[in-house]
Amino acid sequence: MYNPTVARLTYRALLGRRRAAILFVLPALLILIAAAVRGFNGLDDQVASDVLGGFALATMVPLIGVIAGTGAIGPEIDDGSIVYLLSKPVKRSTIIFTKLIVAIAVTMAFSAIPTFIAGYILNGNGQQIAIAYTVAALVASIAYSALFLLLGTVSRHAVVIGLVYALVWETLFGSLVPGARTLSVQQWSLALAQKIGDGTTITSDVGLPLAVVLLVGVSAAATWYAGQKLRTLTLAGEE
């Protein structure tokens, strides 16, 4: 199911100079904010949770997911180079699975690690806050990568749509509108963070069993449908 050649090409595309520079900006900003907040406020569990939940999980992780998920396949579809990859004796499901693994790895590396570092800067992992949000970032990376990889296969405007989703739905509605929270990857991952943390500074509107089902279900469904769309694209290219 995993193809090293496809993975190498995808890593090269995602970690090129321009895209890598963008990927480094948000983690660097998070760590800078964490250092500034720690300097002004000292150790504060609630402030640490607010920064990690409000910026890291609600903004940084979905935005990095957009860059990695859509970038893993979208540019190849846009410029037509995907046809050359599809002409090789590699199963379409293998291509999608490999690109998903790469997108997940990149999203995790650029979101979970900075979240962990920022959490330690903010409160030294008091109340397990740093670990809780790191785990949330890890599981959210899987769902976001699958969703945005799918988006990259179905739309030539995947980046724009992904940014609107990340900034409007996840950052705004997913944090502020009660009815929208149930359909937010952010809230699903927060359910895991709440279980790991003290349950006071970290809360979610979604119960843990439902959150796990939704995370697994959405990730699996998005990956499967992306494979189906790639099959259609192959037929169109061959015609």
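Residues numbered from 1 in each chain as written. Predicted model: local features only at pLDDT ≥ 70, side-chain atom pairs only at ≥ 80, totals over all residues. Heavy atoms only, no water.

**Focus: the packing of helix H2 (residues 17-41) against helix H3 (residues 45-71)**
The criterion, for reference: Only the stretch in contact is used when a helix axis is fitted, and all axes are lines through C-alpha atoms; the angle between N-to-C directions ranges over 0 to 180 degrees. Each helix is a run of H or I in the DSSP string that is no shorter than four residues. Each strand is a run of E no shorter than two, and both are numbered from the N terminus. When describing relative orientation, an angle under 35 degrees is termed roughly parallel and one over 145 degrees roughly antiparallel, while 65 to 115 degrees is termed roughly perpendicular and anything else oblique. Whether two residues touch is decided by their heavy atoms; if any such pair falls within 4.5 Å, the residues are in contact. Gly is placed with the polar residues, together with every amino acid not listed as nonpolar (Ala, Val, Leu, Ile, Met, Phe, Trp, Tyr, Cys and Pro) or charged (Asp, Glu, Lys and Arg).
Taken N-terminus to C-terminus, the directions of H2 and H3 make an angle of 180°; their axes are 10 Å apart at the nearest point. When the axes of H2 and H3 are compared, the pair comes out roughly antiparallel. Only Val47, Val51, Phe55, Ala56, Met60, Leu63, Ile64, Ile67 and Gly71 of H3 make contact with H2, whose side of the interface consists of Arg19, Ile22, Leu23, Leu26, Pro27, Leu29, Leu30, Ile33 and Val37. Across the contact of H2 with H3, the residue classes break down as 16 nonpolar, one polar and one charged.

**Some remarks on the pattern of salt bridges**
Should their charged atoms come close, side chains of opposite charge can pair. Heads up, the rule is: Salt bridges are defined by distance alone: a side-chain nitrogen of Lys or Arg within 4 Å of a carboxyl oxygen of Asp or Glu. Think of it in three bands: residues with accessible area under 20% of the maximum for their type are buried, residues over 50% are exposed, and the middle band is partly exposed, with areas taken using a 1.4 Å probe on protein chains only.
Going through the model one piece at a time under the given rule, you end up with two salt bridges. With its nearest N and O atoms 2.5 Å apart, the salt bridge here joins Glu76 to Lys99. Of this pair, Glu76 sits in helix H4 (residues 74-79) while Lys99 sits in helix H6 (residues 92-123); the two residues are 23 residues apart in sequence, bridging distant segments of the chain. One exposure class covers both Glu76 and Lys99, and it is buried. Here Arg156 and Asp78 are joined by a salt bridge, their closest N and O atoms 3.6 Å apart. Taken as a pair, Arg156 in the loop between helix H7 (129-154) and helix H8 (158-176) and Asp78 in helix H4 lie far apart in primary sequence, 78 residues in all.

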